[in-house]
Amino acid sequence: MPNKPIVLAMLGIALLQQTVAARAEDWLIHAGHLIDVVNGRVLDRVSIVVHEQRIVRVDAGFAVPEAKQQLVELGDETVLPGLIDMHVHITESGGAGAAPGEQFLLNPADIALRSAYYAEQTLLAGFTTVRDLGETESGSAQALKLAIRKGYVRGPRIFSAGRAIVTTGGYGDPTRGVRLGLLPKAGPEMGVIDGPIEARQVVRLRFEEGAEVVKLRISGSLLSPRSELERMQFTDDELAAIVSTAHEYGLTVTVHAHGNTGARAAILAGVDSIEHGTYAEDETLRLMKARGIYLIPTISVGKWLQKTLESGGHYPGVSIERARAVGPLAQNTCARAYKLGVKIVFGTDAGIFPHGQNAMEFGYMVEAGMPPMAAIQSATIQAARLLRADRELGAVEPGYFADLVAVQGNPLEDISALTHVDFVMKEGKVYRDDRLRTASVAPTAPSHPNSAP
């Protein structure tokens, strides 16, 4: 369960925030252009009717507002579903402005207050849903998720993994490389396992904590100079125990795998998605396609690290040579995967780089050869399918949550338009409206605690 100091800090944030979203009401939204991600087309001059949290109707033409409806005039903009980032670390700043050794200085309350800021920046960038794939402070993402759901904090809807699952001495073991005796040996509570019995136990712990997904770190990392990207860090029986237990409990399984060996082993074990896949070979990608497994390329993180280091910036433990290699490789993997028909969903690894800059991933995906519509679908309906929430999220259709964003221009002609979102609605509440096209953005009481899936 989330630890008590983090929960208390999250509740305290409500007293500090002076503005919250407009109350859920009836809205009539005039959309000059609407991207229909389900059918891969653009509809012109559309009226979207919202009642409380849900979309009620999507009608052709600009309707006249009824007595109780507030009109949002987006007649010269492109509207699309709220965006979904499937790989963030919402409670962390990592090397994105972090001070060296900061992890030894921050208390749970510090992490809670910072993560509330990161969550708001993410939401205002147009990302109404995220999947958090690993926290360093147990319970932090879960506490943030619940605080957002109850309306105490402004942020995206969160699907959380809790602590990532690793093996003793593998990438992510908190005691690896630390002076002997400084920290106690980590176990399943900290996400560190050995053998299939502990593998099953750690999944049950994540389920108990409220996770919707479990994440494994099966290979080394770009950020860990002592880890090898290609070396496997789990045995086959450990993988089988994790995947079978997670699926029994209704959880999805995703795997951090830069190396081809780890990615292939995870695919054969039956995971639902692969994060990064940097060194995946074509044979492995074909196996992913055959088994319907999703790829989350996270091109942004490698590109950001490369630019940061080459401009004289610093990121602990990362060499310029390694950063130069991984960015282009990740983009190449995305290109090959798309050509081979692998299902690709949008994910950035935000938290390694600054939160709120998530949309730059779209440009990298298009550079890799994905059509703009496919890139947008990867961050909407395709992502919702992987979340198993595609009946409520990822599209602008009746019955879906009223998660909407708008941009000037046409992102199908210039994908960079998505880096300049100027309108954000989540669950029928307006969180951003740069031109103040709505009459009411007054502070209100928190929303109902069961307002999100």
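Details of the structure are given in the entry above.
Residues numbered from 1 in each chain as written. Predicted model: local features only at pLDDT ≥ 70, side-chain atom pairs only at ≥ 80, totals over all residues. Heavy atoms only, no water.

Q: What exactly am I supposed to notice about the pairing of strand 3 (residues 54–60) here?
A: Taken residue by residue, a regular strand's side chains alternate between the two faces of the sheet. Where strand 2 (residues 41–51) and strand 3 come together, six bridges link them in antiparallel fashion. Following the sheet pairing, S47 is matched in strand 3 by D59. The antiparallel pairing of strand 2 with strand 3 creates a hairpin that spans two residues between the two strands, and E52 there sits at a positive phi of about 55°. (Pairing = 2+ DSSP bridges. Helix = DSSP H or I, 4+ residues; strand = E, 2+ residues; numbered from the N terminus.)

Q: What am I meant to see in the packing of helix 2 (residues 108–124) against helix 3 (residues 140–149) here?
A: How two helices pack is summed up by the angle between their axes together with the distance between the axes. Viewed as axis vectors pointing N to C, helix 2 and helix 3 meet at an angle of 55°, and their least axial separation amounts to 10 Å. With respect to helix 3, the axis of helix 2 lies oblique. As helix 2 runs across helix 3, the sense of the crossing is right-handed. Here I111, S115, A116 and A119 of helix 2 lie close against helix 3, whose contacting residues are S140, L144 and I148. A per-class count over the contact of helix 2 with helix 3 returns five nonpolar, two polar and no charged. (Axes fitted to C-alpha atoms, helices over the stretch in contact; angles between N-to-C directions. Parallel < 35°, antiparallel > 145°, perpendicular 65-115°, else oblique. Left-handed = near helix turned anticlockwise from the far one by under 90°. Contact = heavy atoms within 4.5 Å. Nonpolar A, V, L, I, M, F, W, Y, C, P; charged D, E, K, R; others polar.)

Q: Please clarify how the packing of aromatic side chains should be interpreted in this entry.
A: Aromatic rings in a pair are described by how distant their centres are and how their planes are angled relative to each other. Per the stated rule, a full pass over the model turns up four aromatic pairs. Measuring from ring centre to ring centre gives 4.4 Å for F346 and F362, while their planes differ by 35°; the resulting arrangement is tilted. Linking F346 in the loop between helix 9 (320–340) and helix 10 (360–367) with F362 in helix 10, this pair joins segments that are 16 residues apart in sequence. Each member of the pair, F346 as well as F362, is classed as buried. These aromatic residues form a ring-pair network of at least three members: F127, F346 and F362. The side chain of R54 reaches across the aromatic face of F401, ending 3.9 Å from its centre. (Phe/Tyr/Trp six-rings, centres within 6.5 Å; stacked < 30°, edge-to-face > 60°. Buried < 20%, exposed > 50% of the residue type's maximum accessible area, 1.4 Å probe, protein only. Lys NZ or Arg CZ within 6 Å of the ring centre and 35° of its normal.)

Q: I keep staring at the pattern of salt bridges and nothing clicks. Help me out?
A: Side chains that carry opposite charge are capable of pairing whenever their charged atoms lie near each other. Tallying each qualifying case throughout the model produces 14 salt bridges. For E392, the salt bridge goes to R54, with nearest N and O atoms at 2.8 Å. Taken as a pair, E392 in the loop between helix 12 (381–386) and strand 14 (404–408) and R54 in strand 3 lie far apart in primary sequence, 338 residues in all. Relative accessible area serves as the criterion here: at 25%, E392 is assigned to the partly exposed category. Using a relative accessible area of 28% as the deciding quantity, one classes R54 as partly exposed. As a salt-bridge pair, R157 and D403 come within 2.9 Å of each other at their nearest N and O atoms. On the criterion of sequence distance, the pair formed by R157 in strand 7 (residues 157–160) and D403 in the loop between helix 12 and strand 14 is long-range, its members being 246 residues apart. On the basis of relative accessibility, which here comes to 3%, the residue R157 falls in the buried class. Shared partners join several salt bridges into a network, and the residues in it are D76, E77 and R435. (Salt bridge = Lys/Arg side-chain N within 4 Å of Asp/Glu carboxyl O.)

Q: Just checking my understanding: could you explain the nonpolar core for this structure?
A: If you look at soluble globular proteins, the nonpolar side chains tend to sit buried side by side. Counting 86 residues, the largest nonpolar core has I29, I48, I165, V255, I274, F362 and M425 as its most contacted members. I29 has contacts with V46, S47, I48, V50, V72, L74, L404 and M425, leaving out every residue within four places of it along the chain. Core analysis: the second largest hydrophobic core is formed by 18 residues, I90, V130, L144 and V153 among them. (Core = buried A, V, L, I, M, F, W, Y, C linked by side-chain atoms within 4.5 Å.)

Q: It is not clear to me how helix 2 should be interpreted in this structure. Could you clarify?
A: For an α-helix the count is 3.6 residues per turn, leaving residues at separations of three or four pointing the same way. When the terminal C-alpha atoms of helix 2 are compared, their 25 Å separation across 17 residues agrees well with the 24 Å that a helix rising 1.5 Å per residue should span. Three or more residues of helix 2 are buried, namely P108, I111, A112, S115, A116, Y118, A119, E120, T122, L123 and L124. Trailing helix 2 by a residue or two, G126 shows a phi angle of about 100°, which is positive. (Expected span 1.5 Å × (residues − 1).)

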